[in-house]
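Residues per chain are reported as follows:
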Amino acid sequence: MSKIQMNNAIAELDGDEMTRILWQVIKDKLLLPFVDLKVEYFDLGLKERDNSDDAITYQAAEAIKRLGVGVKCATITSNAQRVKEYNLKGLTPSPNGIIRAELDGTVFRKPIIVDNIKGTVSCWKKPLILGRHAYGDVYKNCEIAVAGPGKAELVFTAADGTETRRTIMEMKGPGVLQGIHNTDKSIESFARCCFFYGLSEKVDVWFATKDTISKTYDGRFKEIFQEVYDKEFKAEFERAGLEYFYTLIDDAVARVMQSSGGFLWACKNYDGDVMSDMVASASGSLAMMTSVLVSPDGKFEYEAAHGTVQRHYYRYLKGEKTSTNPVALIFAWTGALAKRGELDKTLELVEFAQRLEKATLGVIEDGIMTGDLAKIANPPARQVLDSWQFIDAIAQRLEK
């Protein structure tokens, strides 16, 4: 059988622990037999990032910008325990954070819907896409603990030396203080990414903040979203029959829980961090959640929404076979290959990605699945397989 050809490469970013093991199995069983895979490979395993002082991470981000498409395995962000375990030089930053900043991108997460895997929110009939701003707020904060009474101030010194001061609090005793920021440029990029992705997915876009309380900070987000929409996207949305909708974050949560899904919900950084896990869990499983980083100029990086599955990796090192769910990893590859085929006008590659997704979901819908899905399957699973057996079942279905 002749393999499907790729006109251009994608950036492949390898990762850590159990997902790294399954990443290679997916390539060997589901991709390489069918596609003449063209990649620029970057090892983003924790030790390699530490050895290069994260130069490898920046090189990978540059490759995504140059090639237009990347696919990433899950990676470890180190803590004190990992420094000791991997004998690192020091704490390493989040590779996802570096790549998001380099691409100036927004993360979009969407549940993978399967008929016999029932989520806890029964009214969600269509996937709910969660768009998370990936810059600033508490993730780039400055904070201090104070030991006793005093005046806490917010001070801005302009380039010409003039100062703006606001009293945060007259502290009566010990406490904690935090300063956060964002930039108009980053918020504009966030808005453009959300509207661009909403158009590409043909879904309405919702945006929510708490501007009634945070009148300046959250209010600026609201203003910029409306400005970008009115100037750059309103006409296209109206032609496509789509809507942009703004509401308060608490109102949005209530509406989302009673909706049928099928729209893009744009959230600020922390809101998106929390709500994406809520959407994933309520939809069935974090292992059934796609994630794509989109830059304002249309570069794409696909990955799984979950982590490296550390607990299963330790069992694997003892020689045990685990029933780790590889679906989100498979869909990271199919998303990247489909986008590469779309950009290169390689229809065969797009169709292959669609067939692989269909084969993966078809196996699950036939009652054959990993242990995590078996716990929530309705009707009950017919067969519960380990990861290798599950991937083999997909390969057999794909060959047909």
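Along each chain, numbering runs from 1 in the same order as the chain's sequence is written. Whole-chain, interface and lining totals are the exception, using all residues; otherwise, since this is a predicted model, local features are given only for residues with pLDDT of at least 70 and side-chain atom pairs are given and counted only at 80 or more. As a rule here, side-chain values come from all non-hydrogen atoms in the structure, and water together with hydrogens is ignored.

Chemist: Looking at this structure, how should I read the overall build of the protein?
Modeler: The secondary structure listing takes helices from DSSP runs of H or I that are at least 4 residues long and strands from runs of E that are at least 2 residues long, numbered from the N terminus. The secondary structure content of the protein amounts to 14 helices and 18 strands. Here the radius of gyration uses the C-alpha set of atoms, whereas the globule reference equals 2.2 Å times the residue count to the power 0.38. Against the compact-globule benchmark of 21 Å for 400 residues, the protein has a radius of gyration of 22 Å, which places it among compact chains. Projected onto its principal axes, the C-alpha positions of the protein cover 70 × 55 × 45 Å. Only protein chains enter the accessibility calculation, which uses a 1.4 Å probe. A residue is then buried if its area is under 20% of the maximum for its type, exposed if over 50%, and partly exposed in between. By residue count, 51% of the 400 residues in the protein fall in the buried class. Only the protein chains shown count as cover for residues, and the accessible areas themselves come from Shrake-Rupley with a 1.4 Å probe. Summed over its atoms, the accessible surface of the protein is roughly 18900 Å², and 51% of this surface lies on carbon and sulfur atoms. Charge counting follows a simple rule: Lys and Arg are positive, Asp and Glu are negative, and His as well as the terminal groups are ignored. By convention, charge coordinates are those of NZ in Lys, CZ in Arg, CG in Asp, or CD in Glu. Between the centroid of the 51 positive side chains of the protein and the centroid of its 56 negative side chains there is a distance of 3 Å.

Chemist: Would you explain the packing of helix α1 (residues 17–31) against helix α11 (residues 327–344) in this entry?
Modeler: Helix-helix packing: each pair is described by the crossing angle between the helix axes and the interaxial distance. Orientation of α1 relative to α11, taken along the N-to-C sense of each, is 55°, at an axis distance of 10 Å. Taken together, α1 and α11 sit at an angle that is classed as oblique. Crossing handedness for the pair α1 and α11: right-handed. Contacts between α1 and α11 pair T19, L22, W23, I26, K27, L30 and L31 from the former with L329, I330, W333 and L337 from the latter. Interaxial angle, 0 to 180 degrees, is taken between N-to-C directions of lines fitted to C-alpha atoms, where a helix line uses only the stretch in contact. Note that the term roughly parallel is reserved for angles under 35 degrees, roughly antiparallel for angles over 145, roughly perpendicular for angles of 65 to 115, and oblique for everything else. In this scheme the handedness of a crossing depends on how the near helix is turned from the far one: anticlockwise by less than a right angle means left-handed, clockwise means right-handed. Note on contacts: a residue pair is in contact if any heavy atoms of the two residues lie within 4.5 Å.

Chemist: Sorry if this is basic, but what is going on with the pairing of strand β14 (residues 264–267) here?
Modeler: On a regular strand, each side chain points to the face opposite its neighbour's, so the side chains alternate between the two faces of the sheet. Where burial is concerned, the two faces of β14 agree: the one with L264 and A266 and the one with W265 and C267 are both buried. In this sheet, β14 lies alongside strand β12 (residues 205–209) in parallel orientation, the contact comprising three bridges. The partner of V205 across the bridge, within β14, is L264. The pairing criterion for strands is at least two bridges between them, as found by DSSP.

Chemist: Quick question: what am I supposed to make of helix α14 (residues 387–399) here?
Modeler: Side chains of residues three or four places apart in an α-helix project in the same direction, reflecting 3.6 residues per turn. Multiply 1.5 Å by the residue count of a helix minus one, and that product is the helix's expected span. Here α14 contains 13 residues, and its C-alpha end-to-end distance of 18 Å stays within 8% of the 18 Å for a straight helix at 1.5 Å per residue. If you check which residues of α14 are buried, you get S387, W388, F390, I391, A393, I394, A395 and L398. Here the buried face of α14 lies against α1, α10 (310–317), α11, α12 (347–365) and β17 (368–369). A distance of 3.0 Å separates the backbone nitrogen of W388 from a side-chain oxygen at the start of α14, and that oxygen is part of D386. Think of a polar contact as two N or O atoms within 3.5 Å of one another; within protein, one of them needs to be a possible hydrogen donor and the other a possible acceptor, and neighboring residues in sequence only count if both atoms come from side chains.

Chemist: What's the story with the pattern of salt bridges in this structure? I'm lost.
Modeler: Any two side chains of opposite charge can pair if their charged atoms end up close together. Within this document, salt bridges are pairs made up of a side-chain nitrogen of Lys or Arg and a carboxyl oxygen of Asp or Glu, the two lying within 4 Å of each other. One pass over the full model with this rule turns up 27 salt bridges. In this structure, the salt-bridge partner of E223 is R220, at a minimum N-O distance of 2.9 Å. With a gap of three residues between them, E223 and R220 both fall in helix α7 (residues 217–240), about one helical turn apart. Members of the salt-bridge network, linked through shared partners, are D14, R20 and D43.

Chemist: Would you explain the nonpolar core in this entry?
Modeler: One broad trend across soluble globular proteins is that nonpolar side chains are buried collectively. F108, F195, F225, L264, L337, F352 and I364 are the most contacted members of the largest nonpolar core, which has 80 residues in total. Tallying contributions element by element places α11 first for this core, with nine residues. Not counting the four nearest positions on each side in its chain, F225 is found in contact with F190, A191, C194, F195, F207, Y244 and A266. If you look at the next biggest cluster of nonpolar residues, it comprises 19 residues, including W124, A208, A252 and A280. We define a nonpolar core as any set of buried Ala, Val, Leu, Ile, Met, Phe, Trp, Tyr and Cys residues linked to one another through side-chain atoms lying within 4.5 Å.

Chemist: Would you mind showing me how to read a nonpolar patch on the surface here?
Modeler: Within this analysis, patches are made of residues with over 30% relative accessible area and no salt bridge. Like charges are joined at 9 Å or less; nonpolar side chains (Val, Leu, Ile, Met, Phe, Trp, Tyr) at 5 Å or less. A surface patch of nonpolar side chains, amounting to about 420 Å² of accessible area, comprises V138, Y139, I180, Y270 and V274. In this structure, I180 sits in the loop between β11 (175–179) and α6 (184–201).

Chemist: Would you explain the sheet that holds strand β15 (residues 289–294) in this entry?
Modeler: Each strand in a sheet pairs with its neighbour through backbone hydrogen bonds, running either in the same direction (parallel) or in the opposite one (antiparallel). Read across the sheet, ten strands follow the order β4-β2-β5-β16-β15-β6-β7-β14-β12-β13 without closing on themselves; strand pairing throughout is mixed. Strand pairing shows two members of the sheet lacking a second neighbour, β4 (39–43) and β13 (244–248), which therefore form its edges. Sheet twist, expressed as the mean angle between neighbouring strand axes with direction ignored, is 20°. In this fold α11 packs onto β2 (10–14), β4, β5 (69–72), β15 and β16 (300–304), with an angle of close to 160° to the strand it touches most, β16.

Chemist: Just to check I follow, could you spell out the packing of aromatic side chains for this structure?
Modeler: For this analysis, a ring pair means two rings from Phe, Tyr or Trp (six-membered ring only for Trp) whose centres lie within 6.5 Å, classed as stacked if their planes differ by under 30 degrees, edge-to-face if by over 60, and tilted for the remaining angles. In the structure shown here, the tally under the stated rule is 23 aromatic pairs. With centroids separated by 5.5 Å and ring planes inclined at 85°, the aromatic side chains of Y229 and F237 adopt a geometry described as edge-to-face. There is no split in this pair, since Y229 and F237 are both buried. The interplanar angle of 40° and the centroid separation of 5.1 Å between the aromatic rings of Y229 and Y244 together place this pair among those described as tilted. Residue Y229 is located in helix α7, and its partner Y244 is located in strand β13; the two are separated by 15 residues in the primary sequence.

Chemist: What is the right way to look at the environment of I187 in this model?
Modeler: Inspection of the secondary structure puts I187 in helix α6. Exposure remark for I187: the relative accessible area of 2% places this residue in the buried category. Spatially, the C-alpha atoms of I187 and A61 are 21 Å apart, while their sequence positions differ by 126 residues.

Chemist: In this structure, what is going on with unusual backbone geometry? I would like to understand it.
Modeler: With glycine set apart, most residues show a phi of negative sign, and most peptide bonds adopt trans. The linkage connecting N378 with the following residue, P379, adopts the cis geometry, with an omega of 5°. Its location among the elements puts P379 in the loop between α13 (371–374) and β18 (383–384). Located in the positive-phi region is V309, a residue other than glycine, with phi close to 55°. Within the secondary structure layout, V309 lies in the loop between β16 and α10.

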